[in-house]
Amino acid sequence: MSTVLDVDAVTKTYDTGAVEVHALRGVSLTVEQGEYVAIMGPSGSGKSTLMHILGCLDVPTTGHYRLAGEDVGTMTEAELADVRNRRIGFVFQQFHLLSSLPAWRNVELPLVYAGLSRAERRRRALAALERVGLGDRVDHKPGELSGGQQQRVAVARALVSEPALILADEPTGNLDSTSTDDVLGLLRELHDQGRTIVLITHEAEVAQAAARVIRVRDGVVTSDEPTDSPTGVTA
Ligand SMILES: Nc1ncnc2c1ncn2[C@@H]1O[C@H](COP(=O)(O)OP(=O)(O)OP(=O)(O)O)[C@@H](O)[C@H]1O
Ligand SMILES: [Mg+2]
């Protein structure tokens, strides 16, 4: 098995002028290829900060982070952007869809940088939307879709580039229970197909969808254990 995420004594300090916030205070963890891991913790515990580092959206203050063996801390902005595009699919709580674009154009965005033809991008975007059950909504703009449907568009966008890693930060935070089940079901399917999934949540019930739960509090890992989820293969 190969290690996808290798976080080694990572700290993150935000310096906002008057006060320094120690958001991460020495986090170490590894995630192997094909694992489904939840990172759980209360508000302000450092989950989003950790996700930004895992997703190469930010770099540690101290410590090391290797993604698929590459040390992210030494990369330039351009290299980080390239790694994000090639290796990671993101799903956020606030969907982060572009409101002026129809669903399929939102989904094709990660492919624009990959240099594929427009026809090929459209074909793949439609296939991804089909996969999340939105084959009949491809021309709808985000404002013409329900919250659950918007999040499914975001999942389609996350998987369209076939990334090895899917990072989801509170993906069900704005959804009702039916849409939550839909999105968790999709993540499970992606995991069953061999994707590595890291799901960030403050809800114990949502974390149970994963095979392993890492708990964080005040910027440190307090426990790291398998769940009794039926997806609990791996590691
Ligand atoms: N850009 C920033 N500048 C300064 N402080 C920040 C910044 N981002 C986060 N923080 C602080 O770092 C700490 C951790 O925040 P973070 O967003 O990682 O928490 P979280 O676990 O994701 O919380 P939530 O469940 O509410 O989303 C908090 O005290 C927060 O105020
Ligand atoms: Mg957060």
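Here, residues in each chain are numbered from 1, in the same order as that chain's written sequence. All chains are assigned letters beginning with A, and all ligands numbers beginning with 1, in the order in which they are written. In view of the model being predicted, local features appear only for residues whose pLDDT reaches at least 70, and side-chain atom pairs are presented and counted only at 80 or more, with totals across whole chains, interfaces and linings using the full set of residues. Note that water and hydrogens are dropped before the side-chain values are worked out from all heavy atoms of the structure.

Participant: In this structure, what is going on with the side chain of Arg84? I would like to understand it.
Facilitator: Within the fold, Arg84 resides in helix α2 (residues 77–87). The rule is simple: take the accessible area with a 1.4 Å probe, protein chains only, and divide by the maximum for that residue type; under 20% is buried, over 50% is exposed, in between is partly exposed. Note that His is not counted, nor are the chain ends; the positive residues are Lys and Arg, and the negative ones are Asp and Glu. Each reported salt bridge corresponds to a side-chain nitrogen of Lys or Arg within 4 Å of a carboxyl oxygen of Asp or Glu. Buried and without a salt bridge, Arg84 has Glu77 as its closest oppositely charged side chain, separated by 4.6 Å. Contact definition: two residues touch when any of their heavy atoms are within 4.5 Å. Every residue in contact with Arg84, bar those within four places of it in the chain, is listed here: Gly55, Cys56, Leu57 and Phe90. Strands are runs of DSSP state E lasting at least two residues, helices are runs of H or I lasting at least four, and both sets are numbered from the N terminus onward.

Participant: How should I be thinking about the sheet that holds strand β8 (residues 196–201) in this particular structure?
Facilitator: Strand pairing in a sheet takes place through backbone hydrogen bonds and is either antiparallel or parallel in direction. The strand order β6-β7-β8-β3-β9-β10 describes an open sheet built from six strands, whose pairing is mixed. Edge strands, defined here as strands with exactly one partner in the open sheet, are β6 (88–92) and β10 (220–226). In this sheet, adjacent strand axes meet at a mean angle of 15° when their direction is disregarded. Angles shown run from 0 to 180 degrees and are taken between the N-to-C directions of axes, each axis being a line fitted to C-alpha atoms and, for helices, limited to the stretch in contact. Those strands touched by helix α1 (residues 47–54) are β3 (36–40), β6, β7 (165–169), β8 and β9 (212–217), and its axis lies near 155° from that of β7. Of the strands in this sheet, β6 and β7 are in contact with α2, which crosses β6 at around 85°. For two strands to pair, DSSP has to find at least two bridges joining them.

Participant: Please clarify how the sheet that holds strand β5 (residues 70–71) should be interpreted in this entry.
Facilitator: The sheet built from four strands is open, its strands ordered β2-β1-β4-β5 with antiparallel pairing. Only two strands of the sheet have a single partner each, and these edge strands are β2 (20–32) and β5. In this sheet, β5 lies alongside strand β4 (residues 62–67) in antiparallel orientation, the contact comprising two bridges. Looking across to β5, one finds that Arg66 is bridged to Asp71.

Participant: Where do I start with the nonpolar core in this structure?
Facilitator: Side chains of a nonpolar character, in soluble globular proteins, are inclined to be buried together. Ranked by size, the top nonpolar core spans 39 residues in total, and within it Tyr36, Val107, Leu129, Val132, Val153 and Leu187 carry the most contacts. Taken together, the elements giving at least two residues each to this core come down to β3, α3 (103–112), α4 (118–131), α5 (147–159), β7, α6 (177–192), β8 and α7 (204–207). Here this core gets six residues from one element, more than from any other, and that element is α5. In contact with Leu129, other than residues within four places in its own chain, are Ala103, Trp104, Val107, Leu134, Gly135, Val138, Val153 and Ala156. Grouping buried Ala, Val, Leu, Ile, Met, Phe, Trp, Tyr and Cys residues that are joined through side-chain atoms within 4.5 Å yields what is termed a nonpolar core. Core analysis: the second largest hydrophobic core is formed by 30 residues, Val27, Val31, Val37 and Ile88 among them.

Participant: Got a minute to help me understand the packing of α4 against α5 in this structure?
Facilitator: Two numbers describe how α4 lies on α5: the axes approach to 9 Å, and their chain directions differ by 130°. Judged on the interaxial angle alone, α5 and α4 are oblique. Viewed along their axes, α4 and α5 form a crossing whose handedness is right-handed. Along its contact with α4, which presents Ala128, Leu129 and Arg131, the element α5 presents Val153, Ala156 and Leu159. Looking at the contact of α4 with α5 residue by residue, the class counts come to five nonpolar, no polar and one charged. Any angle that is under 35 degrees is reported as roughly parallel, and any over 145 degrees as roughly antiparallel; angles of 65 to 115 degrees are reported as roughly perpendicular and all others as oblique. Throughout, a crossing is termed right-handed when the near helix is turned clockwise from the far one, and left-handed when it is turned anticlockwise from it by less than a right angle. Amino acid classes used here: Ala, Val, Leu, Ile, Met, Phe, Trp, Tyr, Cys and Pro are nonpolar; Asp, Glu, Lys and Arg are charged; the rest, including Gly, are polar.

Participant: I keep staring at the packing of α5 against α6 and nothing clicks. Help me out?
Facilitator: To describe two helices that pack against each other, one gives the angle between their axes and the distance between the axes. Viewed as axis vectors pointing N to C, α5 and α6 meet at an angle of 15°, and their least axial separation amounts to 9 Å. Here α5 is positioned roughly parallel relative to α6, judged by the angle of their axes. The interaxial crossing formed by α5 with α6 has right-handed handedness. Along the contact surface, α5 presents Gly148, Gln151, Arg152, Val155 and Leu159, while α6 presents Ser179, Asp182, Val183, Leu186 and Leu190. Residue classes in the contact of α5 with α6 are distributed as five nonpolar, three polar and two charged.

Participant: Explain the pattern of salt bridges here, please?
Facilitator: When the charged atoms of two side chains with opposite charge come close together, those side chains can pair. Counted under the stated rule, the structure contains 12 salt bridges. The salt bridge involving Arg212 is made with Glu35; its shortest N-O contact spans 3.0 Å. Separated by 177 residues along the polypeptide, Arg212 in strand β9 and Glu35 in the loop between β2 and β3 bring together distant segments of the chain. Take Arg212 and Glu35: they sit in the same class, and that class is buried. Since its relative accessible area comes to 12%, Arg212 is described here as buried. One salt-bridge network, in which partners are shared between bridges, spans Glu35, Arg212 and Asp224.

Participant: What should I look at first to understand the pairing of β2 in this one?
Facilitator: A regular strand places its side chains so that they alternate between the two faces of the sheet. Taken together, the 10 bridges between strand β1 (residues 3–15) and β2 define a ladder with antiparallel strand orientation. Looking at the pairing, Asp15 lines up with Glu20 of β2. The turn linking β1 back onto β2 is made up of four residues, and Gly17 within it adopts a positive phi angle of 95°.

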